[in-house]
Amino acid sequence: MNTTTPPLPFDVIILGAGINGCGIASELSGAGLRVVVLEKNTIGSGTSSKSSRLIHGGLRYLETFEIGLVHEALRDRQELLETYPEIVSVKPFYLPVYRSSPRWGITIWAGLKLYDVLAGRRNVLKSKRIKRSDFQTIAPRLKQENLTAVFRYYDAKTNDLLLTQKVGGDAVNRGAVIHQFVTITRINNNEREFRVFSNRGIFTAPILINATGPWIDEVNTQYSLPARYHIRKISGIHIIVEGCLTADLMFMQTAEKRIFFIIPEPENHHTIIGTTEREETGATDAVRVQPEDVDYLLTQLNMYLDDNNQVSPDEIKSSYIGVRPLIARKDNPTDLSREYRLDRHQIGATTLIHVFGGKLTTFLSLARKVRKLIPK
Ligand SMILES: Cc1cc2nc3c(=O)[nH]c(=O)nc-3n(C[C@H](O)[C@H](O)[C@H](O)COP(=O)(O)OP(=O)(O)OC[C@H]3O[C@@H](n4cnc5c(N)ncnc54)[C@H](O)[C@@H]3O)c2cc1C
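Residues numbered from 1 in each chain as written. Predicted model: local features only at pLDDT ≥ 70, side-chain atom pairs only at ≥ 80, totals over all residues.

Colleague: What's the story with the domain arrangement of the chain in this structure? I'm lost.
Modeller: Buried accessible area, meaning the area lost when the parts come together, often serves as the stated size of an interface. Annotation of the chain at the domain level lists domain 1 (12–48 + 161–230 + 337–372) and domain 2 (90–155 + 232–333). In this assembly, 14 residues from domain 1 lie in contact with nine residues from domain 2. The residue makeup of the side of domain 1 that touches domain 2, split by class, is five nonpolar, five polar and four charged. (Domains from an automatic or database assignment. Contact = placed C-beta atoms within 7 Å. Nonpolar A, V, L, I, M, F, W, Y, C, P; charged D, E, K, R; others polar.)

Set out below in structure tokens:
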């Protein structure tokens, strides 16, 4: 990435080089604007490398009637499959329903059919109910007794860090400058331009975009930036175990109606299992994996593994944690909307845009909407 002294002035300063900061930088530099991205750590080091790595519409969000979000994400899924075929690929997902599952097979079938319809002509392949004998071949380590139905649908998977680095690279190829390891000390606004003071110099531009994901509230407070929204920070962990527990991805349900994924990565000889939901009230930088979240995931996983195939704690190779920046509402964490909000402020001749929320999957649509908010 370009680390030379900044040519001054820029048209746009973006704070944060996660998937959204990089996506916006690529979109705006493609439109001919001079863009600089200031990242306090490295590209993609925040939430954009701590996800479940799914490029998906979000089947679960149909339950909370987030039809618009699912539709947009399915459209972006198709575009990402076409634009980044080396990093985003279609995968079959299996959804086993057991006698004890909190959702009925018929409800799941109806949800999958709606998911197929929302994907429309762009649908990768349609969902279907499959034979239990086929499931046994794909997931021999999972319990086979008390299965009432198994469904298969298709979504996409990526490597989130590589995708973010690729999008950041595209932005640089279009002329953007990305500075990593930047410490911002102060942000001023004199109604003609923003001035961002940092260890890498003073950056000036009439447009400032805050794409700092789960750090957004802390950044707004620290630099006294006006904002209409706040976030709730909901962390989620993943554990990684040696070898592939299943041949394909599994969409599992917990007794309390949460879902978790079993995500085999044969290319890395391991399986990722996630995720959890915990509200974080302290500083985002201080968020750490908690032993009880690891225990919770392992317990959920072992409930579905055959008695002879249980995973023990010492088989966990590693774990990681990310923080979802979700628009603050009173709902419980599982029901909080995954929708994003763009919050635009005109201050004299300057424009400030905050990005609140935003999934990995929807960064293309989000970046295009930001572009529409930029004054001509
Ligand atoms: C557990 C979990 C699972 C998920 N799974 C999926 C999934 O499967 N599919 C999906 O589509 N989405 C998923 N998501 C959501 C998705 O990962 C995030 O919404 C998305 O990555 C947010 O990107 P971002 O660019 O807004 O934030 P981030 O990636 O967090 O980027 C913000 C950047 O700002 C930087 N920053 C912070 N403060 C400053 C500062 N003062 N100065 C400069 N830079 C600063 C940070 O270092 C960081 O790099 C998941 C999220 C979590 C937590």
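Colleague: How should I be thinking about the packing of helix H1 (residues 19–30) against helix H5 (residues 160–173) in this particular structure?
Modeller: Packed helices, taken two at a time, are described by the angle their axes make and the gap between the axes. Axis separation between H1 and H5 bottoms out at 8 Å; the angle between their running directions is 25°. Taken together, H1 and H5 sit at an angle that is classed as roughly parallel. Where H1 crosses over H5, the handedness of that crossing is left-handed. Mapping the contact onto sequence places Ile 19, Cys 22, Gly 23, Ala 25, Ser 26 and Ser 29 in H1 and Leu 163, Thr 164, Val 167, Gly 168, Asp 170 and Ala 171 in H5. Its residues assigned to classes, the contact of H1 with H5 comprises six nonpolar, five polar and one charged. (Axes fitted to C-alpha atoms, helices over the stretch in contact; angles between N-to-C directions. Helix = DSSP H or I, 4+ residues; strand = E, 2+ residues; numbered from the N terminus. Parallel < 35°, antiparallel > 145°, perpendicular 65-115°, else oblique. Left-handed = near helix turned anticlockwise from the far one by under 90°.)

Colleague: Whenever I open this one, the packing of H1 against helix H8 (residues 363–372) confuses me. Can you help?
Modeller: Look at H1 against H8: their axes get within 8 Å of each other, and the N-to-C directions meet at 55°. Taken together, H1 and H8 sit at an angle that is classed as oblique. Once H1 is placed against H8, the crossing between them reads as right-handed. In this structure, H1 uses Ile 19, Asn 20, Gly 23, Ile 24, Ser 26, Glu 27 and Leu 28 to contact H8, whose residues at the interface are Phe 363, Leu 364, Leu 366, Ala 367, Arg 368, Val 370 and Arg 371. Broken down by class, the residue content of the contact of H1 with H8 amounts to eight nonpolar, three polar and three charged.

Colleague: Teacher, can you tell me more about unusual backbone geometry here?
Modeller: Excluding glycine, residues mostly have negative phi values, and the peptide bonds linking residues are mostly trans. Note that the residue after Gly 274, namely Thr 275, is joined by a cis bond; omega there is 20°. Relative to the assigned elements, Thr 275 resides in the loop between strand S15 (270–274) and strand S16 (278–280). If you check the backbone angles, Arg 53 has positive phi at about 70° while not being a glycine. Structurally, the position occupied by Arg 53 is in the loop between strand S2 (35–38) and strand S3 (54–55). Phi at Ser 224 is positive, roughly 55°, even though this residue is not glycine. Tracing the backbone shows Ser 224 in the loop between helix H6 (216–222) and strand S12 (231–242).

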